[in-house]
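Residue strings, one per chain:
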Amino acid sequence: MITEIVTFNISESLGREAVVALYEKSVPLWKSNPHLIHKSFLYDAESNLGGGVYLWDNQDAALESHGEEFQNRIRDVFGSIPEFTYFETPVVIDNRARQAA
């Protein structure tokens, strides 16, 4: 598995409510992605920073899902180009499901 951390600057004209609404609008897209295991949306009002933490089957799935179309959408909606960081994820703990993988 791969963890991908995506961050981007959020236009100062967008407040928390607008950002959360935009995140919620994208939920159906992410729920339909068969290679996405988990996604957490990120928001920091002080630094106007947003993003997501994704757990993927593999890095190819992450790269495919966050290609040019995704990057253009982030630029158009939030006003900046996203940055990507990848980590091998050999162990995941899910306390709610009471399991580790």
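Please read these numbers as outputs of a predicted model, since none were measured by experiment. Counting of residues starts from 1 at the beginning of each chain's written sequence and follows it residue by residue. A pLDDT threshold of at least 70 governs which residues receive local features in this predicted model, and a stricter bar of 80 or more applies before side-chain atom pairs are shown or counted, although totals over entire chains, interfaces and linings include all residues. The side-chain numbers reported here are obtained from all heavy atoms of the structure, hydrogens and water having been left aside.

Some points on the packing of aromatic side chains
Argument step 1. Any two of the Phe, Tyr and Trp rings considered here, Trp counted by its six-membered ring, make a pair once their centres fall within 6.5 Å; the pair's planes then place it as stacked at under 30 degrees, edge-to-face at over 60, or tilted in between. Overall, the coordinates contain eight aromatic pairs when judged by the stated rule.
Argument step 2. Taken together, a centroid distance of 4.8 Å and an interplanar angle of 35 degrees make the contact between F8 and F78 tilted. Of the two residues, F8 sits in strand β1 (residues 2–9) while F78 sits in helix α3 (residues 68–78), which places them 70 residues apart along the sequence. Judged on exposure class, the residue F8 and its partner F78 are both buried.
Argument step 3. Consider the rings of Y54 and W56, whose centres lie 5.7 Å apart with planes at 10 degrees: the pair is stacked. A single burial state applies to Y54 and to W56, both of which are buried.
Argument step 4. Among the aromatic side chains, those forming a connected cluster through ring pairs are W30, Y54, W56, F70 and F84. Every helix listed is a DSSP run of H or I at least four residues long, and every strand listed is a run of E at least two residues long, numbered separately from the N terminus. The buried label applies to any residue whose accessible area, calculated with a 1.4 Å probe on protein chains only, is under 20% of its type's maximum; exposed applies above 50%, and partly exposed to all values in between.

Section: the nonpolar core
Argument step 1. Note on terminology: a nonpolar core comprises buried Ala, Val, Leu, Ile, Met, Phe, Trp, Tyr and Cys residues joined through side-chain atoms within 4.5 Å. Counting residues in hydrophobic clusters, the biggest one holds 15 residues, and the most contacted among them are F8, I10, Y54, W56 and F78.
Argument step 2. Listed by contribution, the elements that provide at least two residues to this core are β1, α1 (16–31), β3 (49–56), α2 (59–65) and α3.
Argument step 3. Contacts are assigned to residue pairs with any non-hydrogen atoms lying within 4.5 Å of each other. Not counting chain neighbours up to four residues away, the residues in contact with W56 comprise M1, I2, E4, W30, N33, H35, L36, I37, A61, A62, S65 and H66.

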